[in-house]
Amino acid sequence: MKYEFEQEYKKIGLKIAYYRKLAGLTQEMLAERLDVATSYIGQIEAAGMYKPISLTTLLRIAKALDTPACKFLEF
C-alpha cells in the first residue's frame, strides 16, 4: 500500500481545478492570489499526480476561490 488516500488526493485536485475554472481563474491567477508558483497549482490539480497538500493550503485555496473547503472533500 503506497498511500492509503492517494486516490482521494487526486480527486481533491480535480475539484480544485473545477472550482477554479468556475471562478473564471487561470492557474496563474490562483497562484498569484496564494503567492505560490503556478507549477505548484498545476501539481495539485494534475489528475495523474499525487501531491498531498496541507489543511492550511486547502483553506487558503478555498478562501481564494470563495468556496467552502468542504466542497473539495465531498467524494
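Shown above is the structure to which this text applies.
Residues numbered from 1 in each chain as written. Predicted model: local features only at pLDDT ≥ 70, side-chain atom pairs only at ≥ 80, totals over all residues. Heavy atoms only, no water.

K.L.:
Describe unusual backbone geometry, and please don't skip the residues or the numbers.
P.N.:
Phi at aspartate 35 takes a positive value of approximately 60°, unusual for a residue other than glycine. The residue aspartate 35 is located in the loop between helix H2 (27-34) and helix H3 (38-45) in this model. Residue aspartate 66 is not a glycine yet carries a positive backbone phi of 50°. With respect to the helices, strands and loops of the structure, aspartate 66 is situated in the segment after helix H4 (55-64). Residue classification places aspartate 66 among the exposed residues on the basis of a relative accessible area of 74%. (Helix = DSSP H or I, 4+ residues; strand = E, 2+ residues; numbered from the N terminus. Buried < 20%, exposed > 50% of the residue type's maximum accessible area, 1.4 Å probe, protein only.)

K.L.:
Any chance you could break down the packing of aromatic side chains for me, citing the residues and the numbers?
P.N.:
The tally for this structure, following the rule as stated, stands at 2 aromatic pairs. Relative to phenylalanine 72, the ring of tyrosine 19 lies with its centre 5.9 Å away and its plane at 75°, an arrangement referred to as edge-to-face. Here tyrosine 19, found in helix H1 (residues 6-22), pairs with phenylalanine 72, found in the segment after H4; they are 53 residues apart in sequence, far enough to count as distant. Phenylalanine 72 gets classed as buried once you look at its relative accessible area, which sits at 0%. One aromatic cluster is present, built from ring pairs that chain together Tyr18, Tyr19 and Phe72. (Phe/Tyr/Trp six-rings, centres within 6.5 Å; stacked < 30°, edge-to-face > 60°.)

K.L.:
Give me the nonpolar core: which residues, what numbers.
P.N.:
With 17 residues, the main nonpolar core has Ile16, Ile61, Leu65 and Phe72 as its most contacted residues. Elements with a contribution of two residues or more to this core: H1, H2, H3 and H4. No other element matches the 4 residues that H4 contributes to this core. (Core = buried A, V, L, I, M, F, W, Y, C linked by side-chain atoms within 4.5 Å.)

K.L.:
Please set out the packing of H2 against H3 residue by residue, giving values where relevant.
P.N.:
What describes two packed helices is the angle between their axes and the distance between those same axes. Two elements in contact, H2 and H3, have axes whose closest approach is 8 Å; the angle formed by their N-to-C orientations is 115°. Taken as axis vectors, H2 and H3 run roughly perpendicular relative to one another. For the crossing formed where H2 meets H3, the hand is right-handed. Counting all contacts with H2, which are made through Gln27, Glu28, Leu30, Ala31 and Leu34, the residues of H3 involved are Thr38, Ile41, Gly42 and Glu45. Grouping the amino acids of the contact of H2 with H3 by side-chain chemistry returns 4 nonpolar, 3 polar and 2 charged. (Axes fitted to C-alpha atoms, helices over the stretch in contact; angles between N-to-C directions. Parallel < 35°, antiparallel > 145°, perpendicular 65-115°, else oblique. Left-handed = near helix turned anticlockwise from the far one by under 90°. Contact = heavy atoms within 4.5 Å. Nonpolar A, V, L, I, M, F, W, Y, C, P; charged D, E, K, R; others polar.)

K.L.:
Lay out the pattern of salt bridges in plain terms, naming residues and giving numbers.
P.N.:
For the coordinates displayed, the defined rule picks out 1 salt bridge. The shortest N-O distance in the salt bridge between arginine 20 and glutamate 45 comes to 2.7 Å. With arginine 20 in helix H1 and glutamate 45 in helix H3, this residue pair connects regions lying 25 residues apart in the sequence. Like glutamate 45, arginine 20 is buried. (Salt bridge = Lys/Arg side-chain N within 4 Å of Asp/Glu carboxyl O.)

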